[in-house]
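Chain by chain, the residues:
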Amino acid sequence: MAEKLLNWDEVLIGAAIKEPGNSRQYETGSWRVERPVWNPDTCIQCMFCWVYCPDSAILVDENGKMAGVNYTFCKGCGICVEQCPSKPKSLKMILEAEAKGKSEEELRKEVFSEDK
Amino acid sequence: MGKKVALTGNEAAAHAIRQINPDVIAAFPITPSTPIPQAVAQFIADGEMDTELVTVESEHSAMSACIGAAAAGGRVMTATSANGYALMWEMLYIASGMRLPIVMAVVARALSAPLNIHGDHSDIMGGRDTGWIQIISENSQEAYDNLIQAVKIAENKDVMTPALVAQDGFNTSHTIEIWELEDDNKVKEFIGEYTPLFPLLNTDDPVTHGAWAPPNWYFEHKINQLKGLLDSKEVVEKVGKEFGDTFGRYYGLYEDYKLDDAEYVIVAAGSVCGTTKDVVDNLRENGIKAGLLKIRLFRPFPYRELAEALQSAKAIAVLDRVSPAGAQGGPLFTEIRSALYDTQTRAPVINYTYGLGGRDTQPRHINSVFETLKKIVETGKVEKQFDCLNLRGEWR
Ligand code: SF4
Ligand code: SF4
């Protein structure tokens, strides 16, 4: 949704927000320097990453299972990686620069080549 | 007409709060304002108020709790002084930015260091740009009257801005004066019911308060906030008149005391105005055209009206109860002088710092100011644009 920028005499008093969910208009993924890459092969579906992610950027499928990362909103803070309890970790951070031009599948192979 | 009582300025504020009976008060004690929440706690214990009194661990928490309660939709008040007010700092901006009409009694006091618990205006002047309406009282009667009016001003739909009502630490807060306490019901009727704009507790109409505004929104919100603060000026005048119609004591943006034809004028705020009025009376008896411009509304600063009121003056002295802290003069001085720049008068304007940390300012000191003004007019020369009143050792 494109946001409509209001003039100073049109905004709601006290910067109150009446329209819920407008944080969707703010793509925090644009801040990212590093990104988490997910390995479904070792993931134990504990959902810690989903609980801890401050930007609700962990994708959940129709069965309530961890299904990857929403890179439009993932700001790359690394909290999910910190929290991931599986051994080896099912989430790892890599530099955005290293991810450039590669598909998620390619990245997965690269990052988790030793964690089967 | 109200009932004449002999009580302190703090008690005057406490009685105003008792009659206003806000939903929530969150406060932390600090001299010289401690007797206000203390008296309020007693009123609550005695069943004379049903306010929720939240005792907190600091003034930062006090203002935070006030903000939460006000966002929830309550009518909220608090009281503080000096370092307590300073500790509220960041929350003061949040209260005004969120447009929560919290009303606060400030008993103005010096800021440390050196440690001093006595009266001056360091606290309120330091907070003058926090976006709050600031009303300064001369005495207990005004401290009482102004608090009642402040509720109505702050909660006005076009304003929705927090307001503080200041009185001078000890000079007013701990001095017993005779003043009129109005009837409880008449006060309640005067302030009326409060209808919050976006109460957080109204789950039928959900709202987000305190969200962040990125660079493409923040500016617009701050200017919207500014408009609310500026629009309060008109409301201050309106409410001052309504208050007069109801209780017999009229209030404007400022008070002019023998100012119409005055040639030597002092501009001041707070309890020193009482002393100045006595001196003006004496000088007038001797045929000297002295006058006083008493600041009532300091924020928003009614610069046009104040400048207009000073046009007859041949020389003006602005008294600041705070150090200029490196500016050309005290805050009152710089704003008055700036306001005059757009008008016809080119009367010399000088500045004094007085009364820091509770230093007494007596009639002889005010007299010396008028004498200096006379000398300036006679010689056409300003020897010192800035000086200190009742300071040991000459300021150079
Ligand atoms: S890196 Fe941070 S923002 Fe991105 S998915 Fe993990 S926890 Fe969420
Ligand atoms: S925290 Fe790790 S193991 Fe748990 S669901 Fe997320 S990726 Fe899978």
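Quantities reported herein were computed from a predicted structural model and do not represent experimental measurements.

Peer 1: Describe the overall build of chain A, naming the residues involved and giving the relevant values.
Peer 2: Helices and strands together make up the secondary structure of chain A, namely four helices and four strands. Reading chain A from its N terminus to its C terminus gives the helix and strand order β-α-β-β-α-β-α-α. On C-alpha atoms alone, chain A measures out to a radius of gyration of 17 Å, which is more than a quarter above the 13 Å that the 2.2 N^0.38 rule sets for 116 residues. Along the first, second and third principal axes, the C-alpha set of chain A runs to 60 × 30 × 25 Å. Considering chain A as a whole, with its 116 residues, one finds that 37% of them fall into the buried category. For chain A, the share of sequence-separated contacts (at least 6 apart) that also reach a separation of at least 24 residues comes to 58%. Counting every atom, chain A has about 7,400 Å² of accessible surface; 52% of that belongs to carbon and sulfur. Looking at charge distribution, chain A has the averaged site of its 15 positive side-chain charges lying 3 Å from that of its 19 negative ones.

Peer 1: Describe in detail the pairing of strand β10 (residues 264–268) of chain B, supporting the description with residues and values.
Peer 2: All names here are of chain B. Buried residues dominate β10, accounting for five of its five residues. Of the two faces of β10, the one lined by Y264, I266 and A268 and the one lined by V265 and V267 are each fully buried. Taken together, the five bridges between β10 and strand β11 (residues 290–295) define a ladder with parallel strand orientation. Counterpart to V267 in the pairing with β11 is L293. The β-α-β motif built from β10, the intervening helix α10 (residues 272–285) and the parallel element β11 has right-handed crossover chirality. Alignment of β10 against strand β13 (residues 315–320), held across four bridges, turns out to be parallel. From the neighbouring strand, V267 faces β13, where its bridge partner is V318.

Peer 1: Can you lay out the domain arrangement of chain B for me, pointing to particular residues and giving the numbers?
Peer 2: Residue and element names in this part refer to chain B. Segmentation of chain B into domains returns domain 1 (3–247) and domain 2 (254–388). Taking the mean C-alpha position of each, domain 1 and domain 2 sit 28 Å from one another. On the domain 2 side, the residues contacting the 28 residues of domain 1 number 26 residues. Contact between domain 1 and domain 2 buries roughly 2,200 Å² in total, counting both sides, with carbon and sulfur atoms accounting for 53%. When the buried area of domain 1 at its contact with domain 2 is split by residue, I136, E138 and K233 rank highest and sum to 28% of it. Salt-bridge contacts for K294 lead to E142; the nearest nitrogen and oxygen are separated by 2.5 Å. Applying the counting criterion to the domain 1 and domain 2 interface returns 20 residue pairs in polar contact (both at pLDDT 80 or more). Elements with a minimum of two residues in the side of domain 1 that touches domain 2: α6 (122–126), β6 (133–136), α7 (140–154) and α9 (218–247).

Peer 1: So what's going on with the sheet that holds strand β4 (residues 76–80) of chain B? Residues and values would help.
Peer 2: Residue and element names in this part refer to chain B. One open sheet holds the seven strands; their spatial order is β3-β2-β4-β5-β7-β6-β12, and the pairing between them is mixed. Strands with a single pairing partner mark the edges of an open sheet, and in this sheet they are β3 (52–55) and β12 (297–299). Across the sheet, the axes of successive neighbouring strands diverge by a mean angle of 20°, strand direction being ignored. Inspection of the sheet shows β6 paired to β12 by two bridges, in the antiparallel sense. By the bridge assignment for β12, I135 is matched with L297. Lying on the sheet, helix α1 (residues 9–20) is in contact with β2 (24–27), β4, β5 (103–108) and β7 (163–168); it crosses β7 at an angle near 155°.

Peer 1: Give a detailed account of the pattern of salt bridges, specifying residues and quantitative values.
Peer 2: Residue and element names in this part refer to chain B. Under the definition given, this model contains 31 salt bridges over all chains. Its salt-bridge partner being D184, residue R18 comes within 2.9 Å of it at the nearest N-O pair. Separated by 166 residues along the polypeptide, R18 in helix α1 and D184 in helix α8 (residues 184–191) bring together distant segments of the chain. Relative accessible area serves as the criterion here: at 29%, D184 is assigned to the partly exposed category. K294 is the partner of E138 in a salt bridge, and the nearest nitrogen-oxygen pair spans 2.8 Å. With E138 in the loop between β6 and α7 and K294 in strand β11, this residue pair connects regions lying 156 residues apart in the sequence. For E138, a relative accessible area of 9% translates into the label buried. Judged by its relative accessible area of 3%, K294 is buried. In the salt-bridge network here, residues are joined through shared partners; they are K4, D145, E180, E182 and R249.

Peer 1: So, the packing of aromatic side chains: which residues are in play, and what are the values?
Peer 2: Counted by the stated rule, this structure contains eleven aromatic pairs over all chains. The interplanar angle of 75° and the centroid separation of 5.3 Å between the aromatic rings of Y26(A) and W212(B) together place this pair among those described as edge-to-face. Highlighted residues: Y26(A) in the segment before β1 (34–38) and W212(B) in the loop between α8 and α9, drawn from two different chains. Among the aromatic residues, those joined into a ring-pair cluster are F190(B), F243(B), F247(B) and Y251(B). Over the aromatic face of Y71(A) sits the side chain of R35(A), whose NZ or CZ is 4.2 Å from the ring centroid. The ring of F190(B) is capped by K152(B), whose NZ or CZ atom sits 4.3 Å from the centre of that ring.

Scoring rules and cut-offs
- Residues numbered from 1 in each chain as written.
- Chains lettered and ligands numbered in written order.
- Predicted model: local features only at pLDDT ≥ 70, side-chain atom pairs only at ≥ 80, totals over all residues.
- Heavy atoms only, no water.
- Helix = DSSP H or I, 4+ residues; strand = E, 2+ residues; numbered from the N terminus.
- Rg over C-alpha atoms; globule rule 2.2 N^0.38 Å.
- Buried < 20%, exposed > 50% of the residue type's maximum accessible area, 1.4 Å probe, protein only.
- Contact = heavy atoms within 4.5 Å.
- Areas by Shrake-Rupley, 256 points an atom, 1.4 Å probe, with all protein chains shown as cover.
- Lys, Arg positive; Asp, Glu negative; His and termini not counted.
- Charge placed at Lys NZ, Arg CZ, Asp CG, Glu CD.
- Pairing = 2+ DSSP bridges.
- Right-handed = clockwise from strand over helix to strand, strands pointing away.
- Domains from an automatic or database assignment.
- Buried area = accessible area lost by both parts, 1.4 Å probe.
- Salt bridge = Lys/Arg side-chain N within 4 Å of Asp/Glu carboxyl O.
- Polar contact = N/O pair within 3.5 Å; in protein donor to acceptor, adjacent residues only side chain to side chain.
- Axes fitted to C-alpha atoms, helices over the stretch in contact; angles between N-to-C directions.
- Phe/Tyr/Trp six-rings, centres within 6.5 Å; stacked < 30°, edge-to-face > 60°.
- Lys NZ or Arg CZ within 6 Å of the ring centre and 35° of its normal.

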